[in-house]
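Understanding the architecture of this molecule
Next come the chains, spelled out residue by residue.
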Amino acid sequence: MFSFHNTTDIHFGAGVITTIEEVLQDAGYESIILVASNSQVKNGVSDLLKSLLSGKIKDTVSNIEPNPTVDNVDSIIEACHSFKADAIIAVGGGSTMDAAKAAAAAVVRDVDARTIIDDKRVNGALDVIALPTTSGSASEGTPFSVISDKERGLKVSLNSPDLYPKHAFVDPELTYTCPPSVTAISGIDVICHALDSIGSKNHNPISDAIHLKALKLAFGNLETAFNEPDNVTARKNMALASTMAGIGFSQTMTSGSHATSYYLTSEFDIPHAEACAFTLDQWILYNAEIDNRMDNISAELGFKNTREMSDAINDLKETLGLRMTFEDLAIEREYIPEIARQAMAAGNFRNNLAELTEDEMIEMLERK
Ligand SMILES: [Zn+2]
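Residues numbered from 1 in each chain as written. Predicted model: local features only at pLDDT ≥ 70, side-chain atom pairs only at ≥ 80, totals over all residues. Heavy atoms only, no water.

Turning next to the coordination of the zinc ion. Taken together, D189 (OD), H193 (NE2), H258 (NE2) and H272 (NE2) make up the protein donors of the zinc ion, found 2.1 to 2.3 Å from the metal. Each of the four donor atoms bound to the zinc ion contributes to angles spanning 87 to 164°, and the resulting shape is irregular. One chain supplies every donor for the zinc ion, spaced along it as D-x3-H-x64-H-x13-H. With D189 and H193 both in helix α7 (residues 180-198), this residue pair falls four residues apart, about one helical turn. Each member of the pair, D189 as well as H193, is classed as buried. (Donors = N, O, S within 2.8 Å, 3.2 Å for Na, K, Ca; no water. Tetrahedral: all angles 85-135°; square planar, octahedral: opposite > 155°, others 65-115°. Helix = DSSP H or I, 4+ residues; strand = E, 2+ residues; numbered from the N terminus. Buried < 20%, exposed > 50% of the residue type's maximum accessible area, 1.4 Å probe, protein only.)

Following this line, the structure appears as structure tokens:
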């Protein structure tokens, strides 16, 4: 038995950004706050949006940090109240979209960012229109928002159907200026999302089919998008892979590799997807022992079995310049037991099909 529910209207294709005025017309927004990553302000996309939506964008909030903070969210909330906003447009990577989604919920409750990450109560939200500029986070089609409270050393994930963006405009042209290092890290996140979801206890036949297609696109195009930033087909296919993986994991949530990543990010500053990819090759092997879907999906992707897919993931990580060992990450091995304990404390650790003990977690990490 399963349900499948995703409320985001997705508009996909090169140049789809230019349809935004027409698509939003019926909603009749009069006061929109634009949340834009600094690169989108610099490269003129925020100005393009202002001209497309003549006079409706009342203020722009930028300077969102890579792991968005309560201060970032509070600055969006403040702008929404000042201009009595009826919608937020977020253009940027996962951090920009996550900050906008948390603010949209806080505005409706009339609370600040810290209150909402403390009680995690979401009762409605302003409409969010999301325009991803990287192919990876897929926040444009998920009900999640991850916010950091640096002062208190917290990273909190909000999860509510009200956090689905109202519209997602997935325009591959917005990713053309994405530098190779960002293409690599966001792209490997797509593979982590898909394989974590296939290895999630919440998987279902629809999510599996979506993730299989997302994996085909990502394995087939990530290296090209990394080596040839101007390759329009590779960019389009990675944008599609990312959005599809997002629709899938909006249902299943992530599992082992994401659970293991959070402490690596919060304590050692390892970028989100590099931290997920660090143990992904191992997690799929454990999950293959529990469920033969992992071998079947590996075969459909052209690999002999999950072991061969695991090796291919490591080859891909090497090609993309991602770090593979604790030495590469400059993390002392004495931290391994704590990294294992922190992973096991993460909510999505329990979503994982293979239920690893603390000793098995330590053993897995020691292979790195
Ligand atoms: Zn991720």
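Attention now moves to helix α15 (residues 336-345). All of the buried residues in α15 are I336, I339, A340 and A343. For α15, the arc enclosing every buried residue in end-on projection is 100°, short of the 170-degree limit, so these residues lie on one face. (Arc of directions from axis to C-beta.)

All right, on to the pattern of salt bridges then. The full count for this structure, using the stated rule, is 18 salt bridges. Of the charged contacts, one joins E151 and R114 as a salt bridge, the two residues approaching to 3.6 Å between their closest N and O atoms. Of this pair, E151 sits in the loop between β6 (144-149) and β7 (154-159) while R114 sits in helix α6 (residues 113-119), and the two are 37 residues apart along the sequence. For E151, a relative accessible area of 67% corresponds to the exposed category. (Salt bridge = Lys/Arg side-chain N within 4 Å of Asp/Glu carboxyl O.)

Here we come to the packing of aromatic side chains. Aromatic rings considered in pairs are described by the distance between their centres and by the relative angle of their planes. Inspection of the entire model under this criterion finds seven aromatic pairs. Ring geometry for F144 and F249: centres 5.8 Å apart, planes at 20°, overall stacked. Taken together, the positions of F144 in strand β6 and F249 in helix α9 (residues 232-252) put the pair 105 residues apart, joining distant regions of the chain. Each member of the pair, F144 as well as F249, carries the same accessibility label: buried. The structure contains a cluster of three or more aromatic residues connected by ring pairs, namely Y263, F268 and Y335. (Phe/Tyr/Trp six-rings, centres within 6.5 Å; stacked < 30°, edge-to-face > 60°.)

This brings us to the domain arrangement of the protein chain. When the domains of the protein chain are assigned, the result is domain 1 (9-174) and domain 2 (178-366). When each unit is reduced to the centre of its C-alpha atoms, the spacing between domain 1 and domain 2 is 26 Å. Each side of the interface is counted separately: domain 1 has 19 residues, and domain 2 has 21 residues. One can count zero salt bridges joining domain 1 with domain 2. The tally of links between domain 1 and domain 2 comes to five residue pairs in polar contact (both at pLDDT 80 or more). (Domains from an automatic or database assignment. Contact = heavy atoms within 4.5 Å. Polar contact = N/O pair within 3.5 Å; in protein donor to acceptor, adjacent residues only side chain to side chain.)

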